[in-house]
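Descriptive structure summary
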Amino acid sequence: MPFQELLAKIAKGPKASKDLTWDEAKQATKALIEGEATPAQVGAFLIAMRFKMESVTELAAFTATARQYVPPLAVSKDLALVDVPSYAGKQDTFHALIAASIVASAAGAAILMHGYDGVPNRPGSAGVLKALGIPIDQDSKVVAENVNKKGFAYLDIGLYHPPLYRFLDMRQELGVRNVFHPVARLLNPARAAAQVIGLSHPPHFEKTAEALRMLGCPRAFVVRGVEGDPELSLAAATRVLELRDERITPLGIGPKDFGMAFGSSREMAGFPPEQRDREADLLRRILQNQVPGGPKDWVLINAAMLLYAAGKGASLTACLPAARAALEGGAAARKLDELVQEPVSAGSGKRI
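Quick notes on the rules
Residues numbered from 1 in each chain as written. Predicted model: local features only at pLDDT ≥ 70, side-chain atom pairs only at ≥ 80, totals over all residues. Heavy atoms only, no water. Helix = DSSP H or I, 4+ residues; strand = E, 2+ residues; numbered from the N terminus. Rg over C-alpha atoms; globule rule 2.2 N^0.38 Å. Buried < 20%, exposed > 50% of the residue type's maximum accessible area, 1.4 Å probe, protein only. Contact = heavy atoms within 4.5 Å. Salt bridge = Lys/Arg side-chain N within 4 Å of Asp/Glu carboxyl O. 1 Å grid on protein atoms, 1.4 Å probe; cavity = no way out; pocket = protein on both sides within 12 Å on 5 of 7 lines; lining within 4 Å. Points joined across faces, edges and corners; volume = space filled by probe spheres on them. Nonpolar A, V, L, I, M, F, W, Y, C, P; charged D, E, K, R; others polar. Phe/Tyr/Trp six-rings, centres within 6.5 Å; stacked < 30°, edge-to-face > 60°. Lys NZ or Arg CZ within 6 Å of the ring centre and 35° of its normal. Pairing = 2+ DSSP bridges. Right-handed = clockwise from strand over helix to strand, strands pointing away.

Remarks on the overall build of the protein
Within the protein, the secondary structure is distributed over 16 helices and seven strands. Its C-alpha atoms give the protein a radius of gyration of 20 Å, within 12% of the compact-globule value 20 Å for 352 residues. Counting the 352 residues in the protein, one finds 57% classified as buried. In the protein, once contacts between residues fewer than 6 apart in sequence are set aside, the share between residues at least 24 apart is 74%.

Concerning the pattern of salt bridges
Within the structure shown, the criterion is met by 14 salt bridges. A salt bridge links Arg-285 to Asp-281; its shortest N-O distance comes to 3.2 Å. Taken together, the residues span about one helical turn, with Arg-285 and Asp-281 both in helix α13 (residues 276-287) at a distance of four residues. Given a relative accessible area of 31%, Arg-285 falls into the partly exposed group. Salt bridges here are not isolated pairs; linked through shared partners, they connect Asp-19, Lys-52 and Glu-58.

Quick word on the environment of Ala-99
Residue placement: Ala-99 occurs in helix α5 (residues 96-106). Between the alpha carbons of Ala-99 and Glu-338 there is a distance of 14 Å; along the sequence they are 239 residues apart. In contact with Ala-99, not counting residues within four places along its chain, are Leu-283, Leu-287 and Val-299.

Let's talk about the layout of surface pockets
There is about 360 Å³ of room inside the largest pocket. In terms of lining residues, the largest pocket is bounded by 18 residues, among which Arg-171, Arg-177, Arg-185, Ser-200 and His-201 are the most central. Element by element, the count of residues in the lining of the largest pocket is highest for helix α11 (residues 180-186), at four residues. A class-by-class count of the residues in the lining of the largest pocket yields six nonpolar, six polar and six charged.

Some points on the side chain of His-181
With respect to the element layout, His-181 can be found in helix α11. Apart from residues no more than four positions distant in its own chain, His-181 is found in contact with Tyr-116, Phe-167, Leu-168 and Arg-171.

Quick word on empty space enclosed by the protein
Taken as a whole and assessed by the stated rule, the structure comprises one cavity of 30 Å³ or more. Looking at the largest cavity, its volume works out to about 60 Å³. In this structure, the largest cavity is lined by ten residues; those nearest its centre are Ile-134, Pro-135, Asn-146, Phe-152 and Ala-153. Counting residues per element, the ones that place at least two in the lining of the largest cavity are α7 (140-150) and β3 (152-156). Among the elements that make up the lining of the largest cavity, the one with the highest residue count is β3 (three residues). Among the residues making up the lining of the largest cavity, the classes are represented as six nonpolar, three polar and one charged.

Brief notes about the packing of aromatic side chains
On inspection of all chains with the given rule, the structure shows seven aromatic pairs. Ring geometry for Phe-45 and Phe-62: centres 6.4 Å apart, planes at 80°, overall edge-to-face. Placement of the pair is Phe-45 in helix α3 (residues 39-52) and Phe-62 in helix α4 (residues 56-67), with a sequence separation of 17 residues. For the pair Phe-45 and Phe-62, a shared accessibility class is recorded, and that class is buried. For the ring pair Phe-221 and Tyr-308, a centre distance of 5.7 Å and an interplane angle of 85° mean the geometry is edge-to-face. One end of the pair, Phe-221, is in strand β5 (residues 219-223); the other, Tyr-308, is in helix α14 (residues 294-309), with 87 residues separating them in the sequence. With respect to class, Phe-221 is no different from Tyr-308; both count as buried. Three or more aromatic residues joined by ring pairs make a cluster, and in this case those are Phe-3, Phe-45 and Phe-62. The ring of Tyr-308 carries the charged tip of Arg-219 above its face, separated from the ring centre by 4.5 Å. In this structure, Arg-224 packs its charged tip against the face of Phe-205, placed 5.9 Å from the ring centre.

Topic: the pairing of strand β2 (residues 110-115)
Taken across its six residues, β2 has six buried, putting it largely inside the fold. Burial along β2 is two-sided: Ala-110, Leu-112 and His-114 facing one way and Ile-111, Met-113 and Gly-115 facing the other are all buried. Direction of pairing for strand β1 (residues 81-86) relative to β2: parallel, over a ladder of six bridges. Directly across from Pro-85, in β2, lies its bridge partner His-114. Handedness of the β1-α5-β2 crossover: right-handed. Sheet analysis places β2 next to β3, joined by five bridges and oriented parallel. Residue pairing across strands places Leu-112 opposite Ala-153, the latter belonging to β3.

Here it is in structure tokens:
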């Protein structure tokens, strides 16, 4: 089918537009990634899909097709691996997800975090990881080695999947997100058996869980997270959809489920973009068990969620003691020391 016909199918307006079939969505993705569509067609397609909204089938087909252009990371199947996309960026809160991932790694899970730092005025995880001294610009081979050896690594999506990154970066030009933003969250570069995905866009909440099921994901948490990252809130109950064995279960998870009191938004407060070093210092002190109260509790409940996703406990509550032991016993601080290293080697890739 000519690309014009695919475009016309989704762009006829609220009443006449139709969803693409699986095969049509795959064809459209290939045309976009391989440059067969003209610049005008690319922009028109992305905006038309933005207005129509992706169906579950389209979202799954776009993701399945995007995965075909890059090989999966060579991460050991013996690891309790959790895929953790971080694409939203932050304005008001600190990146509890980073500290929680390191705690979970210290407690026996393996975490692959991926993302990019391209959302205007919303600093992402990469800058904070860099301020901590954790590499953020290594190629996929080195990232896989770090996950295998150390249980944590960050993958720059621009280095791993340049065509997909190109569409993410179009947010700067178009002014709005496009279909490749949810695709990036679903990409699962190492094909982990467990995915923990955060989002803030309500129409994508149920669709994301359904798309994961269509893609054959064994286990996932879809989280209406803090500022769009996959984080449970300390100050309110968080809506979560758990996918397990093809069954989707809605949950409302709050601190009380972990035997903790609700905290305040002030205890979750972050830092301005130019103060990433201060945020890195806060995370470092949390991991060294030097920060009591709300910030510590916020990291612990999210570490417990990651451990539960990794299959390290029968329930969220059952995973909290392992997270607490890793933090209070010094394993999390040692894990941070293990992850911090000198600037990337000559063999590492860099986005140009």
